[in-house]
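# Architecture and fold: a report
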Amino acid sequence: MTDKQIVEALIARNEQVTKQFFFENCRPLFMSIIRNVFSFPVDYNEFVNEFYLYLMEDAAYRLKQFQGRSTIYQWMKVVAIRYFVAKRNIMIDNEPKDTYTDIVIQDNIVDTEKDVTARIDVEHLFSLMSNKRYVHVIKKLVLQDVEPSVVARELGTNVENLYNIKKRAIAALTEIALKEAREYGR
């Protein structure tokens, strides 16, 4: 496929071309950008999802700007670096100040021993998660029941992407919890 054909297929939302392009062809390029732009771990799928949504905003306006003066990969490199350099300072790279335990105590809820133990276990699982953005999303959306639009604004993303992040976050937490359960059972 030519670069123009790739762009046309991406604009047309051709699933096969989109997966091939973003998850195979561009992987080395995007991994290099992640290493050089961010000083903290960034999930590849989250990076691609965020960038894809950016490219497809306003009926794929940005993709339609590709004129073929360079290769599609060189163009993607420039656009991705500009986007993520501007965005990196608003992406969450450290733990939020409040913990679930602090919030519950602040709300003056009298807890049973079981509740306290459960909260400690949840905080332990959160501490094992390397992606602190995932922890933040779970705490805000699941534990604190904050409006998705508010959390999306905090993260500098849109609500659709926030739901994708939440799905990956819950999957990551589940994997960690299952691993802990297996190790604890030994």
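The rules behind each value
Residues numbered from 1 in each chain as written. Predicted model: local features only at pLDDT ≥ 70, side-chain atom pairs only at ≥ 80, totals over all residues. Heavy atoms only, no water. Core = buried A, V, L, I, M, F, W, Y, C linked by side-chain atoms within 4.5 Å. Buried < 20%, exposed > 50% of the residue type's maximum accessible area, 1.4 Å probe, protein only. Helix = DSSP H or I, 4+ residues; strand = E, 2+ residues; numbered from the N terminus. Salt bridge = Lys/Arg side-chain N within 4 Å of Asp/Glu carboxyl O. Patch = residues over 30% accessible without salt bridge, like charges linked within 9 Å, V, L, I, M, F, W, Y side chains within 5 Å. Areas by Shrake-Rupley, 256 points an atom, 1.4 Å probe, with all protein chains shown as cover. Arc of directions from axis to C-beta. Contact = heavy atoms within 4.5 Å. Polar contact = N/O pair within 3.5 Å; in protein donor to acceptor, adjacent residues only side chain to side chain.

### Observations regarding the nonpolar core
Residues F22, F30, F47, F51, L55, L63 and M76 are the most contacted members of the largest nonpolar core, which totals 32 residues. Mapped by element, the contributors of at least two residues to this core are α1 (3–11), α2 (15–25), α3 (27–37), α4 (44–64) and α5 (72–87). Here the element with the most residues in this core is α4; it accounts for 10 residues. Counting residues in each nonpolar core, the second largest holds 16 residues, with F126, V137, L162 and L173 among its members.

### Comments concerning unusual backbone geometry
With a phi angle near 55°, A59 is a residue other than glycine that sits in the positive phi range. When its relative accessible area of 56% is taken as the criterion, A59 is described as exposed. One non-glycine residue, D145, lies in the positive phi region at around 55°. Following the sequence through the fold, D145 ends up in the loop between α8 (132–143) and α9 (148–155).

### Section: the pattern of salt bridges
Counted by the stated rule, this structure contains six salt bridges. As a salt-bridge pair, K139 and E123 come within 3.8 Å of each other at their nearest N and O atoms. Taken together, the residues K139 in helix α8 and E123 in helix α7 (residues 113–128) connect sequence positions 16 residues apart. The class of K139 is buried, set by a relative accessible area of 4%.

### Describing the environment of F38
Its location among the elements puts F38 in the loop between α3 and α4. On a C-alpha basis, the gap between F38 and V85 in space is 8.2 Å, while along the polypeptide they are 47 residues apart.

### A closer look at a nonpolar patch on the surface
A surface patch of nonpolar side chains, about 210 Å² in accessible area, is lined by V142, L143 and I170. With respect to the helices and strands, the residue L143 is situated in helix α8.

### What to know about α2
Listed as buried for α2 are V17, T18, F21 and F22. Down the axis of α2, the buried side of the element spans an arc of 105°, and every buried residue falls inside it. Among the exposed residues of α2, those oriented more than 90 degrees off its buried face are E15, Q16 and E24. Contacts from the buried residues of α2 go to α1, α3, α4 and α5.

### Looking at the environment of Q67
For Q67, the location among the structural elements is in the loop between α4 and α5. Put simply, Q67 and V7 are 60 residues apart on the chain and 10.0 Å apart in space, counted from C-alpha to C-alpha. Within the local environment of Q67, its side chain forms a polar contact with the side chain of R69, the two groups lying 2.2 Å apart.

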